[in-house]
Amino acid sequence: MKTAQQKPSLVGTGVLLVGAVYCLIPVVWVLMASSKTSSELFTTFTYAPGTSLFSNIADLTAYRDGLFWRWMANTGLYAGAGAALSTLVSAMAGYAMAKYRFPGRGALFNILLAGVLVPGVILAVPQYLLFAELGMTNTYWAVLLPSIISPYGIYLARIYVSASVPDEVIEAARTDGAQDWRIFRSVVLPMMVPGLVTVFLFQFVAIWNNFLLPYVMLGDDKLFPVTVGLSGLLNQGAQQPAMYSLVIPGALLSILPLLALFLLLQRFWQVDLAAGAVKS
Amino acid sequence: MTSVTNDLVSATAQKDPPSGSRRARIPRAPYVFMVPAVALFVFSIAIPILYTAYLSLRTVKVEGLGLGPGARTEVWAGLSNYGRTLSDPDFLSSVLRVLGYGLVVIPVMLGLALLFALLLDSVRVRATRFSRLVIFMPYAVPAVISSLLWGFLYLPAVSPFTHAAEQVGITLPQPMAPGLVLFAIANIAVWGGVGFNMIVLYTALKAIPSDLYEAARIDGCSELQIAWRIKIPIIVPSLIMTSVFGMITTLQVFAEPTVLRPLTNNISTSWSPLMMIYRDAFTRNDIYAASATSVVLAVATFVLSFGFLRLVQNRAFAQENR
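Keep in mind that what you see is a predicted model, and the values were worked out from it rather than measured. (Residues numbered from 1 in each chain as written. Chains lettered and ligands numbered in written order. Predicted model: local features only at pLDDT ≥ 70, side-chain atom pairs only at ≥ 80, totals over all residues. Heavy atoms only, no water.)

### Let's talk about the overall build of chain B
Reasoning step 1: A tally of regular secondary structure across chain B gives 14 helices and 2 strands.
Reasoning step 2: Of all 322 residues assigned to chain B, the portion counted as buried reaches 49%.
Reasoning step 3: Residue pairs at least 24 apart in sequence account for 65% of intrachain contacts in chain B once pairs closer than 6 positions are excluded.
Reasoning step 4: Accessible area for chain B stands at about 15500 Å²; split by element, carbon and sulfur atoms hold 64% of it. (Helix = DSSP H or I, 4+ residues; strand = E, 2+ residues; numbered from the N terminus. Buried < 20%, exposed > 50% of the residue type's maximum accessible area, 1.4 Å probe, protein only. Contact = heavy atoms within 4.5 Å. Areas by Shrake-Rupley, 256 points an atom, 1.4 Å probe, with all protein chains shown as cover.)

Structure (C-alpha cells):
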C-alpha cells in the first residue's frame, strides 16, 4: 500500500527511470530512423527524425510485390495458429494429467518434463534432419508442426488446472451425466482461460523468437517469417546500403503488432505461473 | 508396455481416482486427451533426437574419388564424431566463449531485474506503472529485431554515444571491436531479458504478505534492510529459477551473433556452439559432425538444468498430491 505519508525516494525513482530510458534507447531510435533515407541514416543526428517515413514504407511495400507483408502474414500464421493449437493441445494434456489417475501418468509426465529441459532452439537442427529425410522441408508444416508441441505449456496448464479447477466441480458435472469431453469443453476450459492466455502468450513469443527453426527449414523466401526475411535483407545491406532504409522501417512495423497484443493481453497475463506459483 | 501393467497394479492399490465409482476401471478419456500431445512429442521431439543420435554414430565412406553413384556410402563410425567434436579447437573455444558470455549476461540481467523489481515493490518509489511497462516492453521484441536495432546503434556513424563523446573530445572504443563484441552481444541479451525477469521477481515479491514488513517497520527497519533481510531471502526460489532459465537461454545463443555478423568482421561462424552446428550442417554439409555436436550440447543443457526441475517439481505439485 502506498501511503501519502511516505516520502518519495528520489534516488529509487531516478534509478528506475534510468532503466526505463535504457529500454527505450533502441525503440525511440527505430521510430526516428524509420523516417530517414539511407543517406540521412549515416549523416544526420541519431535521434533526429528524417523526411521519408511514408516513402520508406511505400518502398518496403513495393519491394518484390509486397513480400514484406507476406512475411508479416506468415509470422501471424506461424506464431498465431501455432500458439493457438499449442494452447489447446497443452490444455487437454494438462487437464488429463491433473485430474485423472491413470496408468502411465507419471511416466508420461516425466518424459514431457524432460522435453522442457531440451529447449526448442537446440532441436531445430535435429528437426531439420528428420524433415529433410521425409522431404517435408521448405513447407509451412516444417515450421508449424514443431511449434505446436510445448512441454512447458503442458506443464503450466497442469499446474493451472490443479490449482484452479476444484475436483468437486468436475464431480458435479459428472453426476449430472456429462461425458468427459463435454466436461472438458464446457466446464474446465472456461475456468482455465486466464491460465491459457498465459500459455498462449509464452508460446507465441517462443515461436516468434525461434529464429533458427525457420532459418534452417525454409529456402523459399515466400514462406519466411518476418525475422528471417529481415535478417536476409540486412545481409544484402552489407553490399547495398540502400537496403537499410527497407530493413529499419520493416523492424518497426514488425514489432508494432506484438506490442499491441501485449498491451491488450497483459492484464490477463499471469507471470507468476512462470515461477510455478498459483494463488488460490 | 509391461511397465503400464505394473503401474496399473500400484496405481489402483495406492491412488484414489477422482470418481469413486470408477475405481476398478481404467479410464479411457485421459488417454484420448493425451493423444495429440504425445503424437506431436514423438514426432517433433523424440524422433528427431533419436535420429540425430543415430546420425552422430554414422559417417560417409568415400571410395576412389568419391564420384559416381555408390562411391559414397554411409557406414557406422562408432564414437569418432564425438572425438572430433570434443577435440575440435573451434568447439572448445565456442563453449568457453559462451560460458564467459553467460557469466556476463546472467549476473547483470538478474541483478538489474532484482533491483528494478525491488524498486517497483518499494512504497517510496514513484512512476512505477510507466517504468514497469517500458522495462517489460523489450520482451515483446524478438532477438532478431533487437539485434538489428542495437547493431545499427553500435555503428560509429549512427551511435549516439560516439556522437556525444565526440562533442566533448573523447573517442569511444567501438562496441563491435574484437575484445568488446562479447559485451555488445551480452548487452542485447540483457536488454531483451531484464523486463521479463523483473516481472517474475516482482510477482514473487507481491505475493509476500505485507504484515511481515509492518512489524519490521515498527521495529525501525529501513526499506533497504527490509529488502535485504526479508524480501530477497523469501524470493530465493524465484531467483534460482530465473537463473536456470537464463543458463538455458545463454547456452543456445544463436540469433544475436548471427544477425550482427553482416555488420562486423569480429564474429566467427563458430562464435557459439549452435552457430558451429549450423555451419557444420549447412556450410560444410557434414551432418554427422553437426549431429554429434548437437547431442553434446543437448546433454550439457539437460545436465545443467536438471537440478532446477527437481526443485520446481517438488514445490509446484505439493498441493495436487496432498
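### A look at the overall build of chain A
Reasoning step 1: Along its length, chain A carries 13 helices and 0 strands.
Reasoning step 2: When the elements of chain A are put in sequence order from the N terminus, they spell out α-α-α-α-α-α-α-α-α-α-α-α-α.
Reasoning step 3: Classification of the 280 residues of chain A by burial places 57% in the buried group.
Reasoning step 4: Look at the contacts in chain A between residues 6 or more apart in sequence, and 72% of them connect residues 24 or more apart.
Reasoning step 5: Here chain A has roughly 11100 Å² of accessible surface; of this, 65% comes from carbon and sulfur atoms.

### So, helix H8 (residues 181–206) of chain B
Residue and element names in this part refer to chain B.
Reasoning step 1: Over its 26 residues, H8 extends 38 Å from the first C-alpha to the last, a length consistent with the 38 Å expected when each residue adds 1.5 Å.
Reasoning step 2: At Gly193, H8 shows its largest bend, some 35 degrees.
Reasoning step 3: Counting buried positions over the 26 residues of H8 gives 23, a clear majority of the element. (Expected span 1.5 Å × (residues − 1). Bend = angle between axes of the 7 residues up to and from the residue.)

### As for the UniProt feature "transmembrane region" (unreviewed entry) in chain B
Residue and element names in this part refer to chain B.
Reasoning step 1: UniProt's entry tags residues 31–54, 98–121, 133–153, 180–205, 234–255 and 287–312 with the feature "transmembrane region" (unreviewed entry), counted in the numbering of this structure.
Reasoning step 2: Strand forms 0% of residues 31–54 and helix 100%; the C-alpha atoms that close the span are 30 Å apart.
Reasoning step 3: Helix and strand shares over residues 180–205 are 96% and 0% respectively, and the end C-alpha atoms of the span are 35 Å apart. (UniProt positions renumbered as here; feature names shortened; annotations may be inferred.)

### So, the UniProt feature "transmembrane region" (unreviewed entry) in chain A
Residues and elements named next belong to chain A.
Reasoning step 1: Here, UniProt's "transmembrane region" (unreviewed entry) annotation points to residues 12–32, 77–96, 108–129, 141–161, 182–208 and 242–265.
Reasoning step 2: Strand forms 0% of residues 12–32 and helix 100%; the C-alpha atoms that close the span are 30 Å apart.
Reasoning step 3: The annotated region residues 242–265 carries 92% helix and 0% strand content, and the separation between its end C-alpha atoms amounts to 37 Å.

### A few points about a nonpolar patch on the surface
All names here are of chain B.
Reasoning step 1: Together, Phe161, Val168, Ile170 and Leu172 make up a nonpolar patch on the protein surface, roughly 380 Å² of accessible area in all.
Reasoning step 2: Mapped onto the elements of the fold, Val168 is located in the loop between helix H7 (160–167) and H8.
Reasoning step 3: Assessed through its relative accessible area of 63%, Val168 is described here as exposed. (Patch = residues over 30% accessible without salt bridge, like charges linked within 9 Å, V, L, I, M, F, W, Y side chains within 5 Å. Salt bridge = Lys/Arg side-chain N within 4 Å of Asp/Glu carboxyl O.)

### Digging into the packing of aromatic side chains
Reasoning step 1: Under the defined criterion, the tally for this structure stands at 36 aromatic pairs over all chains.
Reasoning step 2: With 6.1 Å between their ring centres and 40 degrees between their planes, Tyr22(A) and Trp150(B) make a pair best called tilted. Of the two residues, Tyr22(A) is situated in helix H1 (residues 10–33) and Trp150(B) in helix H6 (residues 143–154); the pairing between them involves two chains.
Reasoning step 3: Ring plane angle 65 degrees and centroid distance 5.8 Å describe the contact between Tyr152(A) and Phe202(A), whose orientation is recorded as edge-to-face. A residue pair is termed long-range when its members are at least 10 positions apart, and Tyr152(A) in helix H8 (residues 151–164) and Phe202(A) in helix H10 (residues 180–209) qualify at 50 residues. Considered together, Tyr152(A) and Phe202(A) belong to a single accessibility category, that of buried residues.
Reasoning step 4: Here the aromatic residues Tyr152(A), Tyr155(A), Phe202(A), Phe262(A), Phe136(B), Tyr139(B), Phe196(B) and Phe245(B) are joined through ring pairs into a cluster of three or more. (Phe/Tyr/Trp six-rings, centres within 6.5 Å; stacked < 30°, edge-to-face > 60°.)

### Quick look at the confidence of the model for chain A
Reasoning step 1: For chain A, per-residue confidence averages 88 on the pLDDT scale, and residues scoring 70 or more make up 93% of the total.
Reasoning step 2: Element-level pLDDT for chain A is lowest in helix H2 (residues 38–43) of chain A, with a mean of 81, against a maximum mean of 96 in helix H4 (residues 67–99) of chain A. (pLDDT = per-residue confidence, 0-100.)

### Examining the environment of Met192(A)
Residue and element names in this part refer to chain A.
Reasoning step 1: Along the chain, Met192 falls in helix H10.
Reasoning step 2: Classification of Met192 by relative accessible area gives buried; the value is 1%.
Reasoning step 3: It is 9.5 Å that separates the C-alpha atoms of Met192 and Tyr95, two residues lying 97 residues apart in sequence.
Reasoning step 4: When neighbours within four sequence positions are excluded, Met192 is seen to be in contact with Ala91, Ala157, Tyr160, Val161 and Val165.

### Details of the packing of H4(A) against helix H13 (residues 244–265) of chain A
All names here are of chain A.
Reasoning step 1: At their nearest, the axes of H4 and H13 sit 11 Å apart, and the two run at 30 degrees to each other. One finds that H4 runs roughly parallel with respect to H13. As H4 runs across H13, the sense of the crossing is right-handed. In this structure, H4 contributes Phe68, Trp69 and Met72 to the contact, and H13 contributes Gly250, Leu253, Ser254 and Pro257.
Reasoning step 2: Residues belonging to the contact of H4 with H13 are distributed by class as follows: 5 nonpolar, 2 polar and no charged. (Axes fitted to C-alpha atoms, helices over the stretch in contact; angles between N-to-C directions. Parallel < 35°, antiparallel > 145°, perpendicular 65-115°, else oblique. Left-handed = near helix turned anticlockwise from the far one by under 90°. Nonpolar A, V, L, I, M, F, W, Y, C, P; charged D, E, K, R; others polar.)

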